Amino acid sequence: MRSERAPLWLKAAAAAGLLFLHVPILIIFAYAFTTEDKTYQWPPPGFTLQWFGVTWNRPDVWQALGLSVRVAAISTLIALVLGTLAAAAMARARFFGREVISLLVILPIALPGIITGISLRSAFNLGGIAFSTWTIVLGHATFCIVVVYNNAVARFRRTSASLVEASMDLGANGFQTFRHVTLPNIATALLAGGMLAFALSFDEVIVTTFTAGQQQTLPIWMLEELVRPRQRPVTNVVAMVVVLVTFLPILGAYYLTRGTDTVAGQGK
Amino acid sequence: MPAAVTFRNVSRHFGAVRAVDDVTVEIAEGEFFAMLGPSGSGKTTCLRLVAGFEQPTAGEIAVFGQNMAGVPPYRRPVNTVFQDYALFPHLNVRDNVAYGLMIAGRGRAERHRAAEAALELVQLPGYGDRKPGQLSGGQRQRVALARALVLEPRVLLLDEPLGALDLKLREQMQEELKALQRKLGITFVFVTHDQGEALSMADRVAVFNQGRIAQVGAPSDVYDRPATPFVADFVGSSNVLPPEVTGRLAGRRLPASLRPELVRILPPGAAGSLATARVISTQFHGAVTRVHLSMDGLDLAALLPRGARVPEEGAAVGLSWDPDDLHLMDGT
Amino acid sequence: MSTPGLSAETEASRASRRGGEGLGARLSDLLWRRPALLLALLLGPPLLWLGVVYLGSLFALLAQSFFSIDEFTGQIRREFTLKTYGELLTPANLDIIRRTVQTAALVTVTAAVIAFPIAYYAARYARGRWKAVFYLGVMLPLWSSYLVKVYSWKLILAKEGILNWAFGKLGLTWALEAYLSLPGVGGNSLSTSPTGTFLVFVYVWLPFMILPIQASLERVPASMLEASGDLGARPAQTFRHVILPLAFPGVIAGSIFTFSLTLGDYIIPQIIGTSARFIGQAVYQHQGTAGNIPLAAAFAVVPIAIMGLYLWWAKRRGAFDAL
């Protein structure tokens, strides 16, 4: 492209849009330090670090966090296995019904979350299944599959099919080829997909309200606070920490998948 | 001693498309065998059938007499140099070359020694620590070659290995490949769409057309005595004369091939002139000049060597040739 | 026949070792000979999971929508009836559907308008470091916690919050109050007005609109824009006749997200807005406190049907290539 300059109005509109996206999140950070604990007063009358200590000593927050991490970890693991399998099948063969399968994988995030939620809830009802960590995992893994799948499919597509043939040609059987060629080439995509799946599960609330029963994940804990604010300062601190914690996997996924085109374009 | 590679009535169909259609051919041990044809003629599919990446729809492929049906690629005594080289991007050059040995369970020291030796063989000593992404096209091609050769295959399959290289490098690699094949004495099966490459390198050439082998023979055979009009035209862009014209000129109603470089251009009405034609256009190619002619509505080409007198466009000329050079084709 | 550097070994022993002899190697042989088996093994687990867990539940839901609730006992009658769907047609319920679809449409259009300059700048002008800034600048809000984002707007829109404060500082409180007194959009405060609900929806779903538009714009080669300019088009004409049509599939792809997400959301209108309900809230309340699962199921079918129609239309416009 020629070195041309963007019109001023476009720059301004793009900048305003980005600000619109980020300022609200930054405002949370300010509230985490406010001395005001009854209202959402702005500007904060004063700043303090005391709420961090208070939050640290709250067992309910820790419990909710623990459940969220456990659910996210198990869901991510299941999604990694199922998403990779589906992606590998789609990458290696042309077969009847491919479109149906890709639709099926995408459906859980294409349809509103409430539908997944109430579907699972009514299925648990009909099947007489009691709520547990596993009922939450069942829902989360279902919509996490697509995240892993999308990352893996994209990488498979950019990885030359002849790499697998070359490996077999050099004497490696199917499992050796997977271990020594396929896996190293899709590893970063899987890691990125896994991180995103973790972030997605860690943050999910809409489906979870239907599948958790009386259990509290961190988002459910927050939802309760949003509907009936009782612990505003603690909520502020938790909100800020959640933002910071979810940024890590996103940045990680970005750095893992960045610049893969040059690697995958190898040999073309 | 059985042939290195045997195709017995091999077909490979993709749905209604007959990519390979009833191919029968034997490739002898130690031979440099070229499969030549336009894209989509089935030559690459034939190579992939030998490597085991495709399965024949019908027929049988044997390597050193052993039927390859049901034998996966990793159990076949052949190795392949891929058109896109297929170097593993996550491994450095040394580990790429040593990959097959690693899979075979050889020790690290032995692997590295063998890899370095193979790299020397392809004239890339000391390149082991680089990543494939840091190499030029020609260097990648050599690494791919070393990676296949390090396993001492009895048959090496090469799928358009020089296709991605520029002209100068390609000519250099042609010589090197030929020398390497002589030195190692193993069978090379070489797929190419470049007739010059096939003629200059191969001991024998199989010319593919629409999934079938149109002709197999030594390069000079194929060039001098094409079996079909397709071969005549594809290999060296010969003039193909229809049966009627041949009947008038040589007395037998068969299609005939007349190499452009064997057509002589004479002044109109000169003695020994066998036919008359009109000059349509002339093209200067450096070493030769190509003259497009129309002989009673039939397009012909003639190549004039440097220094020969080039006729004017539109001029009437006489044509002559050695009667032996008019090659009648009784193939189909 | 000797490649230098290799140990001498008989042909037979070398050939037999190729590919290995263990259980894995034999299994690999079997799968190589039967590619259909391999495909089945790869596809089986994910299909089983999605088929049983997801589709199974979806059908359980669908089945329930054809049941009805006994008005006297409050029990679910497991007989086929269309009565529950009939209940959707009461004025109150139609009002819920109309409000939800209307908001979803408005949110989608607004998000597209705000998203376009960002996506356009990122695709066309941002290079190197700025490209990364734009990418992360959209990805981070997209992936940061949904609830935290909603919460931040509760802080912003609160009566004592930053927006009211800003209006006060600018001496514009009268304008805000005049706006809030308007019927249909206003309310007691911004955080209890339909405007508040709308703002939060736009904010939360905006990144889902930016990314597909950017993806479709990235595919417009610069040479095509130069060609248009070359043929005498003014920038505005190039934009209207070249860029916009090419970006349109991206807009549709983005709108699938914004539309679907708005249709199904029950948390945002519950926290920010009036007491007027959205489809999501209706579903949630019918299955929860009211215990009327059939009606909740029938309500849930509405967004499915709307999205089904929308996806069918979008597919015809080629929107899925930009996903």
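Residues numbered from 1 in each chain as written. Chains lettered and ligands numbered in written order. Predicted model: local features only at pLDDT ≥ 70, side-chain atom pairs only at ≥ 80, totals over all residues. Heavy atoms only, no water.

1. What about the overall build of chain B?
Okay, step 1: Regarding its fold elements, chain B presents ten helices and 18 strands.
Okay, step 2: Counting only C-alpha atoms and orienting by the principal axes, one finds that chain B spans roughly 80 × 45 × 35 Å.
Okay, step 3: In chain B, 64% of the contacts between residues at least 6 apart in sequence involve partners at least 24 apart.
Okay, step 4: Total accessible area computed for chain B in this model is approximately 13,900 Å², and 48% of it derives from carbon and sulfur atoms.
Okay, step 5: One way to put it: in chain B the 35 positive side-chain charges average out to a point 5 Å from where the 36 negative ones average out. (Helix = DSSP H or I, 4+ residues; strand = E, 2+ residues; numbered from the N terminus. Contact = heavy atoms within 4.5 Å. Areas by Shrake-Rupley, 256 points an atom, 1.4 Å probe, with all protein chains shown as cover. Lys, Arg positive; Asp, Glu negative; His and termini not counted. Charge placed at Lys NZ, Arg CZ, Asp CG, Glu CD.)

2. Looking at helix α6 (residues 133-158) of chain A
Okay, step 1: Compared with an ideal rise of 1.5 Å per residue, which puts 26 residues at 38 Å, α6 of chain A spans 37 Å between its outermost C-alpha atoms and is within 8% of the ideal.
Okay, step 2: Among the 26 residues in α6 of chain A, 20 count as buried, and that is most of the element. (Expected span 1.5 Å × (residues − 1). Buried < 20%, exposed > 50% of the residue type's maximum accessible area, 1.4 Å probe, protein only.)

3. What about a nonpolar patch on the surface?
Okay, step 1: A surface patch of nonpolar side chains, amounting to about 410 Å² of accessible area, comprises F175 of chain A together with L27, L30, L37 and L41 of chain C.
Okay, step 2: Secondary-structure assignment places L37 of chain C in helix α3 (residues 35-65).
Okay, step 3: L37 of chain C gets classed as partly exposed once you look at its relative accessible area, which sits at 34%. (Patch = residues over 30% accessible without salt bridge, like charges linked within 9 Å, V, L, I, M, F, W, Y side chains within 5 Å. Salt bridge = Lys/Arg side-chain N within 4 Å of Asp/Glu carboxyl O.)

4. Some words on the interface of chain C and chain A
Okay, step 1: Opposite the 84 residues of chain C that make contact, chain A presents 91 residues.
Okay, step 2: Of the roughly 8,200 Å² buried between chain C and chain A on both sides combined, carbon and sulfur atoms contribute 79%.
Okay, step 3: On the surface where chain C and chain A come into contact, there are zero salt bridges.
Okay, step 4: Taken together, the connections running from chain C to chain A amount to eleven residue pairs in polar contact (both at pLDDT 80 or more).
Okay, step 5: With 17 residues, the top contributor of residues to the side of chain C that touches chain A is α3 of chain C. (Buried area = accessible area lost by both parts, 1.4 Å probe. Polar contact = N/O pair within 3.5 Å; in protein donor to acceptor, adjacent residues only side chain to side chain.)

5. Considering the interface of chain A and chain B
Okay, step 1: Contact with chain A, which involves 23 residues of that partner, is made by 25 residues of chain B.
Okay, step 2: Carbon and sulfur atoms make up 60% of the area that chain A and chain B hide from each other, which totals about 2,100 Å².
Okay, step 3: Taken together, the links from chain A to chain B amount to one salt bridge.
Okay, step 4: With a closest N to O distance of 2.7 Å, E165 of chain A and R48 of chain B form a salt bridge.
Okay, step 5: Scanning the region where chain A abuts chain B turns up eight residue pairs in polar contact (both at pLDDT 80 or more).

6. Details of the nonpolar core
Okay, step 1: Grouped together as the largest cluster of nonpolar side chains are 141 residues, with contacts concentrated most on M222 of chain A together with Y146, V150, I267 and F299 of chain C.
Okay, step 2: Setting aside chain neighbours within four positions, we find M222 of chain A in contact with T235, V238 and A239 of chain A together with L147, V148 and Y151 of chain C.
Okay, step 3: Counting residues in each nonpolar core, the second largest holds 85 residues, with I27, I61, V97 and L121 of chain B among its members. (Core = buried A, V, L, I, M, F, W, Y, C linked by side-chain atoms within 4.5 Å.)

7. Examining the sheet that holds strand β2 (residues 17-27) of chain B
All names here are of chain B.
Okay, step 1: A sheet is described by the order of its strands in space; here four strands give the open sequence β2-β1-β4-β5, paired in antiparallel fashion. Every interior strand has two partners, whereas the edge strands, β2 and β5 (66-67), have only one.
Okay, step 2: Note: strand β1 (residues 5-14) against strand β4 (residues 58-63), five bridges, orientation antiparallel. Note that in β4 the partner of S11 across the bridge is A58.
Okay, step 3: Contacts from helix α1 (residues 43-51) reach β1, β2 and β4, with the element oriented near 115° to β1. (Pairing = 2+ DSSP bridges. Axes fitted to C-alpha atoms, helices over the stretch in contact; angles between N-to-C directions.)

8. A few points about the pattern of salt bridges
Okay, step 1: Tallying each qualifying case throughout the model produces 22 salt bridges over all chains.
Okay, step 2: Between D221 of chain B and R225 of chain B there is a salt bridge; the shortest N-O distance is 2.6 Å.
Okay, step 3: Judged by its relative accessible area of 46%, R225 of chain B falls in the partly exposed class.
Okay, step 4: Counted as one network, the salt bridges with shared partners bring together E165 of chain A together with R12, R48 and E54 of chain B.

9. Points about the packing of aromatic side chains
Okay, step 1: Under the defined criterion, the tally for this structure stands at 32 aromatic pairs over all chains.
Okay, step 2: Both rings, one in Y310 of chain C and one in W313 of chain C, keep their centres 5.8 Å apart while their planes meet at 40°; by these two values the pair is tilted. Of the two residues, Y310 of chain C and W313 of chain C are both situated in helix α15 (residues 293-316); the distance of three residues between them amounts to about one turn of the helix.
Okay, step 3: Judged by its relative accessible area of 18%, Y310 of chain C is buried.
Okay, step 4: Here a set of aromatic residues connected by ring pairs shows up, and it is made of F116, Y120, Y121, Y125 and F134 of chain C.
Okay, step 5: Lying over the aromatic face of Y223 of chain B, R259 of chain B brings its terminal NZ or CZ to 3.8 Å of the ring centre. (Phe/Tyr/Trp six-rings, centres within 6.5 Å; stacked < 30°, edge-to-face > 60°. Lys NZ or Arg CZ within 6 Å of the ring centre and 35° of its normal.)

10. Here's the deal with α3 of chain C
Okay, step 1: Between its terminal C-alpha atoms α3 of chain C stretches 42 Å, which fits the 45 Å expected from 31 residues at 1.5 Å a residue.
Okay, step 2: Bending of α3 of chain C peaks at approximately 40° at the position of G44 of chain C, with proline P45 of chain C no more than four residues after it. (Bend = angle between axes of the 7 residues up to and from the residue.)

11. Details of the domain arrangement of chain B
All names here are of chain B.
Okay, step 1: For chain B, the assigned domains read domain 1 (5-233) and domain 2 (239-328).
Okay, step 2: Here the C-alpha centre of domain 2 lies 38 Å away from the C-alpha centre of domain 1.
Okay, step 3: Each partner contributes to the interface: domain 1 provides eight residues, whereas domain 2 provides six residues.
Okay, step 4: Taking both sides of the interface into account, the surface hidden between domain 1 and domain 2 amounts to around 600 Å²; carbon and sulfur atoms contribute 56%.
Okay, step 5: For the interface between domain 1 and domain 2, the tally reads zero salt bridges.
Okay, step 6: Elements that contribute at least two residues to the side of domain 1 that touches domain 2 include exactly α8 (219-224) and α9 (229-234).
Okay, step 7: Looking at the side of domain 1 that touches domain 2 residue by residue, the class counts come to five nonpolar, no polar and three charged. (Domains from an automatic or database assignment. Nonpolar A, V, L, I, M, F, W, Y, C, P; charged D, E, K, R; others polar.)

12. Focus on the confidence of the model for chain A
Okay, step 1: The predicted model of chain A averages 85 in pLDDT, with 94% of residues at 70 or higher.
Okay, step 2: Every residue in residues 260-268 of chain A scores below 50 in pLDDT, and together they form 13 contacts with partners more than four places removed in sequence or on other chains. (pLDDT = per-residue confidence, 0-100.)

13. Brief notes about the environment of L244 of chain A
All names here are of chain A.
Okay, step 1: Relative to the elements of secondary structure, L244 occurs in helix α11 (residues 232-257).
Okay, step 2: L244 gets classed as partly exposed once you look at its relative accessible area, which sits at 40%.
Okay, step 3: Residues L244 and W9, spaced 235 residues apart in sequence, show a C-alpha to C-alpha distance of 32 Å.

14. A short note on unusual backbone geometry
Okay, step 1: The step from W42 of chain A to P43 of chain A runs through a cis peptide bond, and the omega angle for that step is -5°.
Okay, step 2: Along the chain, P43 of chain A turns up in the loop between α1 (8-31) and α2 (50-56).
Okay, step 3: You will see that Q123 of chain B, though not glycine, has its phi angle at about 60°, which is positive.
Okay, step 4: Examined against the element boundaries, Q123 of chain B turns out to sit in the loop between α4 (108-121) and α5 (137-149).
Okay, step 5: Phi angles above zero are rare outside glycine, and E160 of chain B is one such case at about 40°.
Okay, step 6: Within the secondary structure, E160 of chain B sits in the loop between β7 (155-159) and α6 (167-184).

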